[in-house]
Amino acid sequence: MPIRCSTLATVMGLACLPLISFAAELTPAQRLDSARAEQAAYLQTLKQLVDVDTGTGQAPGLKTVSQLLVQRLEALGAEVRTQSASPSAGDNIVGTFKGTGSRSFLLMVHYDTVFLPGTAAKRPFRVEGERAYGPGVADAKGGVAMILHALKLLQDERFDGFGTVTVLFNPDEETGSSGSKALIAELAREHDYVFSYEPPDTDAVTVATNGINALLLQVKGKSSHAGSAPEAGRNAAMELAHQLLQLKDLGDPGKGTTVNWTMLRAGDKRNIIPDSATAEADMRYSDPSESERVLADAQRLIRQPLIDGTETQVRLDKGRPPLAKNAGSQSLADTAQALYGQIDRRIEAIAMRFGTDAGYAYVPGSARPAVLETLGVVGAGLHAENEYIELSSIAPRLYLSVAMIRQLSTAAP
Ligand SMILES: [Zn+2]
């Protein structure tokens, strides 16, 4: 990042000393002013990002944006490496900034979107009133631009009191991060703090996110002619219906666990008693022990069949893990609230029902890293045509990232 004060420069009385003392004197109000002055450049970057389609799996657009992001990180002084996000299309981009301090930060967000090719041409980036619109403008290109411009502001302040700032941009979050989750987990464990830049829908930071699992139910029965010999069959569809009623309350509202049966399948022909039936449920949870609890409850309940001679099995496939409520995330939210207070604003600390990559960064039971989600720009209409960001949130949230990194770099461990 910035030029450091070498011994030689100090001896010669060169400009670095006054610059550093100037940086130390920047008040919160001045820092917010700098962030306001950065807003036009932020929007310029955001337009460049939004106007290229980067739906997950769309290799050409992901490549174009990846090249742009590498250039931008290098221009800020990062050492940048890219690696294939196989089995996903596109690259993971990792930029590293070395400072003079000891605390380390991972700033991460995805640059893929959910939109089909041609969407950016059909409805390109546009500013209208107090909002900006376009595919992925909030989720999460607004967050990508937030990281780049927060780093720019730190550089303008000539601040390098952190130990390391690592940036990770991944290309496959919208389909589950199969080609980036291992890297996220690995990098997260090397850092003190992880900031994830998904968009909040109000001025908030997120201290907990949901995990996502799939529950799969399979019933085996016996086929037979439904007209001439129904009694010789074992109806898997009827048994499935019975099992679903037994399994309808696997959720736990008190813990925020939901289990909803959403897909059912049985039978191929109307005149055949079906010999197999399957169902799938979507499970959301925030308490890591809930995966085991739900599976154990389901296994116990399915032992009470309706139809003798059928056989039922249940399986749980783990998806994105939760960012569980934890002291480290709460402490980061407290810091955010104190820093927002210094510019006479309030920021909420919330738990959200979505699952995000923050779940891969969080290490259950460990204080390190401390993970905070939704450092991105405030927006709504995610995954929809009317997706937008609130322009008024850009400056305060740029301020927040800069102030957090400065504050935590110098805080006592
Ligand atoms: Zn997202």
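Chemist: Which parts of the structure should I look at to understand the sheet that holds strand 9 (residues 211–220)?
Modeler: The strands making up a sheet associate through hydrogen bonds between their backbones, and the pairing can be parallel or antiparallel. With antiparallel pairing, four strands are arranged side by side in an open sheet as 11-13-9-14. Two strands in the sheet have a free side with no partner beyond their single neighbour: strand 11 (258–266) and strand 14 (311–318). Across the sheet, the mean angle from the axis of one strand to that of its neighbour is 20°, orientation sign disregarded. Pairing geometry for strand 9 and strand 14, over eight bridges, is antiparallel. Within strand 14, the residue paired with Val219 across the bridge is Thr312.

Chemist: Can you help me understand the domain arrangement of the protein chain in this one?
Modeler: A common measure of how large an interface is: the accessible area buried when the components associate. Split into domains, the protein chain comes out as domain 1 (26–209 + 323–410) and domain 2 (212–318). Taken over C-alpha atoms, the centre of domain 1 sits 40 Å from the centre of domain 2. Taken residue by residue, the interface counts four residues in domain 1 and six residues in domain 2. Taking both partners together, domain 1 and domain 2 bury about 320 Å²; carbon and sulfur atoms supply 61% of that area. Seen at the junction of domain 1 and domain 2, the total is zero salt bridges. Linking domain 1 with domain 2 are zero residue pairs in polar contact (both at pLDDT 80 or more), by the criterion used here.

Chemist: Help me understand the packing of aromatic side chains in this model?
Modeler: On inspection of all chains with the given rule, the structure shows four aromatic pairs. One aromatic cluster is present, built from ring pairs that chain together Phe105, Tyr193 and Phe195. Of note, Arg126 hangs over the ring of Tyr133, and the distance from its end group to the ring centre comes to 4.4 Å. When the ring centre of Tyr388 is taken as reference, the NZ or CZ atom of Arg131 above it lies at 3.8 Å.

Chemist: Help me understand the coordination of the zinc ion in this model?
Modeler: Reference geometry at the metal: tetrahedral coordination by four donors gives ideal angles of 109.5 degrees; octahedral coordination by six donors gives 90 or 180 degrees. In the first shell of the zinc ion, the protein supplies His110 (NE2), Asp139 (OD), Glu198 (OE) and Glu198 (OE), at 1.8 to 2.8 Å from the metal. For the zinc ion, the four donor atoms in the first shell make angles of 51 to 146° at the metal, so the coordination geometry reads as irregular. Along the chain, the residues donating to the zinc ion fall in the pattern H-x28-D-x58-E. Taken together, the residues span a long stretch of sequence, with Asp139 in the loop between strand 5 (131–133) and helix 6 (141–156) and Glu198 in the loop between strand 7 (193–196) and strand 8 (204–208) at a distance of 59 residues. Residue classification places Asp139 among the buried positions, given a relative accessible area of 6%.

Chemist: Even after reading the chapter, I still don't get unusual backbone geometry, so can you show me in this structure?
Modeler: Most of the time, phi is negative for any residue but glycine, and the peptide bond is trans. Going from Ser86 to Pro87, the amide bond is cis rather than trans, its omega being 10°. The residue Pro87 is located in the loop between strand 1 (79–84) and strand 2 (91–98) in this model. The amide bond that connects Arg368 to the next residue, Pro369, takes the cis arrangement and shows omega of 0°. Within the element layout of this structure, Pro369 appears in the loop between helix 11 (358–361) and strand 16 (370–372). Residue Ser177 is not a glycine yet carries a positive backbone phi of 60°. Inspection of the secondary structure puts Ser177 in the loop between strand 6 (164–170) and helix 7 (181–188). Even without being glycine, Thr374 reaches a positive phi, approximately 60°. Along the chain, Thr374 turns up in the loop between strand 16 and strand 17 (379–380). Exposure remark for Thr374: the relative accessible area of 0% places this residue in the buried category.

Calculation criteria
- Residue positions within a chain follow its written sequence, with the count starting from 1.
- Two thresholds apply to this predicted model, a pLDDT of at least 70 for residue-level local features and 80 or more for giving and counting side-chain atom pairs, whereas whole-chain, interface and lining totals are computed over all residues.
- To obtain the side-chain values, all non-hydrogen atoms of the structure were included, while hydrogens and water were left out.
- Note on pairing: two strands pair once DSSP finds at least 2 bridges between them.
- Going along the chain from the N terminus, every DSSP run of H or I of four or more residues is numbered as a helix, and every run of E of two or more is numbered as a strand.
- For helices, the fitted axis covers only the stretch in contact; all axes are lines through C-alpha atoms, and the angles between them, taken along N-to-C directions, range from 0 to 180 degrees.
- Bear in mind that the domain bounds are from an automatic or database domain assignment.
- Throughout, a residue-residue contact means that at least one pair of heavy atoms, one from each residue, lies within 4.5 Å.
- Buried area is understood as the total, over both parts, of accessible area removed when two parts are fitted together, assessed with a 1.4 Å probe.
- In what follows, salt bridge is the name for a side-chain nitrogen of Lys or Arg lying within 4 Å of a carboxyl oxygen of Asp or Glu.
- Whenever two N or O atoms come within 3.5 Å, that pair is a polar contact, provided that in protein one can donate a hydrogen and the other can accept it, and provided that, for residues adjacent in sequence, both atoms are side-chain atoms.
- Here the aromatic set is Phe, Tyr and Trp, taking the six-membered ring for Trp, and pairing holds for ring centres within 6.5 Å; pairs whose planes are under 30 degrees apart are stacked, those over 60 apart are edge-to-face, and all others are tilted.
- Geometrically, a lysine NZ or arginine CZ counts as sitting over a ring once it is within 6 Å of the ring centre and also within 35 degrees of the ring normal.
- Listed donors are limited to N, O and S atoms within 2.8 Å of the metal, widened to 3.2 Å for Na, K and Ca; water is not among them, so incomplete-looking sites are possible.
- Donor angles set the geometry label: tetrahedral for four donors if every angle is between 85 and 135 degrees, square planar for four and octahedral for six if opposite donors exceed 155 degrees and the others are between 65 and 115, irregular for anything else.
- Relative accessible area decides the class of each residue, using a 1.4 Å probe on protein chains only: under 20% of the type maximum gives buried, over 50% gives exposed, and in between gives partly exposed.

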